[in-house]
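# Observations on the model geometry
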Amino acid sequence: MLNFISEDMRRNPYPLYAQMRSVSPVLAVPGGEIWMILDYEGVKRAIHDHDTFSSRAAPPGGGPLDWMIFTDPPRHTKLRSVVVKAFTPRSIAGLEPRIRELSRELVDRTIERGEMDLCADYAVQLPILVIAEMLGIPLADRDRFKRWSDAILNLSQTIGGGEEGARAAREFGAAREEIRAYLAGILPERRRAPEDDLLTRLVEAEVDGERLVEDEILDFFLLLLLAGSETTTNLITNAILCLLDHPSELARLRASPALWPSAIEEVLRYRSPVQAVFRAPRRDVEMHGQPIPAGKLVLAMIGSANRDPKVFEAPERFDVGRDPNPHVGFGHGIHFCIGAPLARLEAKVALPDLVSRLEGLRLASNAPWEPRKTLHVHGPTRLPIRFEPGRR
Ligand code: HEM
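For every chain, the first residue of the written sequence is number 1, and numbering continues from 1 along that sequence. With the structure being a predicted model, the display of local features is reserved for residues of pLDDT at least 70 and the display and counting of side-chain atom pairs for 80 or more, all residues being used for whole-chain, interface and lining totals.

## Things to note about the overall build of the protein chain
- The helix and strand inventory of the protein chain stands at 16 helices and 14 strands.
- In terms of C-alpha radius of gyration, the protein chain reaches 21 Å, essentially the compact-globule figure of 21 Å for 392 residues.
- Viewed in the frame of its principal axes, the protein chain has a C-alpha envelope of about 60 × 55 × 40 Å.
- Within the protein chain, buried positions represent 42% of all 392 residues.
- Note that contacts rest on C-beta atoms placed from the backbone: two residues are in contact if these are within 7 Å. Excluding contacts between residues fewer than 6 apart, the proportion of contacts in the protein chain whose partners are at least 24 apart in sequence is 73%. The way it works is that DSSP assigns letters per residue, a run of H or I at least four long becomes a helix, a run of E at least two long becomes a strand, and they are numbered from the N terminus. Radius of gyration means the value over C-alpha atoms here, while the globule rule gives 2.2 Å times the residue count to the 0.38 power. Here exposure depends only on C-beta density: within 10 Å of a residue's C-beta, 20 or more other C-beta atoms make it buried, 12 or fewer make it exposed, and intermediate numbers make it partly exposed, the C-beta atoms being placed from the backbone.

Below, the structure written as structure tokens:
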């Protein structure tokens, strides 16, 4: 669907956004079923005004999944309350030493080689290992977990349609059934012997006085695995791309490590890992003088909003010290990313670790990097890098 945009443009969609924004901040995609909102004010309204813009939206060809992210109040409020406490900055802070350890182990595995695929060897693995621990997946089951997460990660390709999309949908369906069977085995154990993990939280949670049924637990499992991994992977790889493209900004960070938190916010703005979210207007809406009919699919283009010159001074400049930086990379309003504190913490551990341990870090080739298949998640699918071989 969104792959009407070429590979070059998926690597760098920003000139196209700027061009479209200058024509109109609200545009109907030819065919008339999809509307794009491209300016900051419009995107913020679409993702904030949930009375007008429902989250029960899905790309053509697929109904919305029953995941919290695709629900509206009052159900959304209840589902969100089940997991929100596990993701507060306070709950997340305790994970920092373990994230550090995992990051160190991943770098140790490749550092003597002097080269790696930053995606496969590091950035895909770290968030998956972290979310597996939070869920409480036993170590012995991690191989299976990795296989499932691969199938779930490919889910975003289904949006591209075609043969590849159909295969990804089949693999996701198969993984979903395997996970269902796995949960049927492990959930009774958690009921019998609760642990301090998300699976226990899910079996003990009540919505309207009733425990979640197994399908609802399965949906949470899939959502957390998907939302918590691919996005953070892209944050890490996009950050390295930004820093290699802007050596003077990397030098600033080396000289002033206190700038890392604002550098991470700048990556979220400048190369937003989530470029678009879906909404469905409940009634006919007018935005910037353009009518958007009820029931159409609206793409709120976060990646474009974050480059809107009406809000960001010199939006095409990558500035690790940018302040203020009111980007909407994690969304806005009631669906604001629940995992934002975790993603920020993972990036805060991962990026200084990579940059300080991988001496002479550079891209392995001058060939353009391979972008993800669809535009709504933005980043490379592979990112071969080289560095001076170092000691474990
Ligand atoms: C850099 C990393 C991340 C980015 C850019 C990101 C981005 C987003 C965005 C834009 C939304 C809003 C969706 C909407 O309004 O329709 C969202 C929601 C969500 N995110 Fe993230 N996310 C990231 C990491 C994570 C992590 C690590 C987790 C969990 C482990 C997570 C879990 C969720 C969940 C569960 C929602 C749905 C919240 C709701 O519906 O109330 N995300 N994320």
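## Digging into the sheet that holds strand β11 (residues 362-363)
- Should DSSP find at least two bridges between two strands, the strands are regarded as paired. An order of β4-β14-β11 is seen for the three strands of this open sheet, with the pairing classed as antiparallel. Edge positions in the open sheet fall to β4 (115-117) and β11, since each of these has one partner strand only.

## Things to note about the sheet that holds strand β3 (residues 53-54)
- The strand order across the open sheet formed by five strands is β1-β2-β10-β7-β3, and the pairing between neighbours is mixed. The open sheet has two edge strands with one neighbour each: β1 (26-28) and β3.
- Looking at chain direction, β3 and strand β7 (residues 276-281) are connected through two bridges and run antiparallel. Its bridge partner lying in β7, Ser-54 is registered against Ala-280.
- Each of β1, β2 (34-37), β3, β7 and β10 (297-301) touches helix α3 (residues 40-48); the most contacted strand, β10, lies at about 125° to it. Axis geometry follows a simple rule: fit a line to the C-alpha atoms, using only the stretch in contact for helices, then measure angles between N-to-C directions, giving values from 0 to 180 degrees.

## Thoughts on the site of the ligand
- For each residue, a C-beta position is placed from the backbone atoms; the residue is near a molecule or strand when that point lies within 6 Å of it. If you check the shell around the ligand, you find 25 residues, and the closest are Gly-228, Thr-231, Gly-331, Cys-337 and Gly-339.
- For the shell around the ligand, the secondary-structure elements that each account for two or more residues are α12 (214-245) and α16 (340-357).
- Take the shell around the ligand: its biggest share by element is seven residues, from α12.
- Gly is put with the polar residues, along with every residue not named as nonpolar or charged; the nonpolar set is Ala, Val, Leu, Ile, Met, Phe, Trp, Tyr, Cys and Pro, and the charged set is Asp, Glu, Lys and Arg. Here the residues of the shell around the ligand sort into 16 nonpolar, eight polar and one charged.

## Overview of the environment of Pro-188
- Locating Pro-188 in the fold gives a position in helix α10 (residues 162-192).
- Pro-188 sits 15 residues away from Val-203 along the chain, and the two C-alpha atoms are 8.6 Å apart.

## Regarding the packing of helix α9 (residues 142-153) against α10
- For the pair α9 and α10, interaxial distance at closest approach is 8 Å and the crossing angle is 140°. Helix-helix and strand crossings are classified by hand; for α9 and α10 the assignment is left-handed. The residues of α10 that touch α9, namely those facing Trp-148, Ala-151 and Ile-152, are Glu-171, Phe-172, Ala-175, Glu-178 and Ile-179.
- Each residue belonging to the contact of α9 with α10 can be placed in one class, and the counts come to six nonpolar, no polar and two charged. The hand of a helix crossing depends on one turn: near helix anticlockwise from the far one by less than a right angle means left-handed, and clockwise means right-handed.

## Re unusual backbone geometry
- Pro-73 connects to Pro-74 through a cis peptide bond whose omega is 5°.
- Within the chain, Asp-208 stands out as a residue other than glycine whose phi angle is a positive 55°.
- Tracing the backbone shows Asp-208 in the loop between β5 (206-207) and β6 (210-211).
- Positive phi outside glycine occurs at Ala-314, with the angle close to 40°.
- Its location among the elements puts Ala-314 in the loop between α15 (302-305) and α16.

## Section: the nonpolar core
- Leu-135 and Ala-239 are the most contacted members of the largest nonpolar core, which totals 72 residues.
- With 16 residues, α12 is the single largest residue contributor to this core.
- Not counting the four nearest positions on each side in its chain, Ala-239 is found in contact with Ile-264, Val-267, Ala-347 and Leu-351.
- Ranked by size, the runner-up nonpolar core spans 27 residues in total, among them Ile-37, Tyr-40, Met-301 and Leu-375. Here a nonpolar core is just a set of buried residues of the types Ala, Val, Leu, Ile, Met, Phe, Trp, Tyr and Cys, joined wherever their C-beta atoms sit within 7 Å.

## Some remarks on the pairing of β7
- Along β7, five of the six residues are buried, which leaves the element largely enclosed by surrounding structure.
- One ladder, built from four bridges, connects β7 with β10; its direction is antiparallel. The residue bridging Arg-279 from the neighbouring strand is Val-298, located in β10.

## Let's talk about the packing of helix α8 (residues 125-135) against α12
- Between α8 and α12, whose axes approach to 8 Å, the crossing angle comes to 150°. Here α8 is positioned roughly antiparallel relative to α12, judged by the angle of their axes. The handedness of the crossing between α8 and α12 is right-handed. Residues Pro-127, Ile-128, Ile-131 and Leu-135 of α8 lie in contact with α12, whose contacting residues are Phe-221, Leu-224, Leu-225, Gly-228, Ser-229, Thr-232 and Thr-233.
- Along the lines of polarity and charge, the residues of the contact of α8 with α12 split into seven nonpolar, four polar and no charged. Angular relationships are summarised with four words: roughly parallel below 35 degrees, roughly antiparallel beyond 145, roughly perpendicular across 65 to 115, and oblique for the angles in between.

## A closer look at the environment of Ser-262
- Mapped onto the secondary structure, Ser-262 falls in helix α14 (residues 260-270).
- It is 8.9 Å that separates the C-alpha atoms of Ser-262 and Asp-319, two residues lying 57 residues apart in sequence.

## Digging into α8
- Most of α8 is tucked away, with 10 of its 11 residues classed as buried.
- Among all positions in α8, only Gln-125, Leu-126, Pro-127, Ile-128, Leu-129, Val-130, Ile-131, Ala-132, Met-134 and Leu-135 are buried.
- Residues of α8 that are buried make contact with α6 (96-110), α7 (118-123), α9, α11 (198-204), α12 and α16.
- Where α8 terminates, the next one or two residues include Gly-136, which has phi positive at roughly 95°.

## Considering α10
- Expected helix span is computed as 1.5 Å times (number of residues minus one). Along its 31 residues, α10 runs 45 Å from first to last C-alpha, staying within 8% of the 45 Å computed at 1.5 Å per residue.
- Where α10 is buried, its residues touch α9 and α11.

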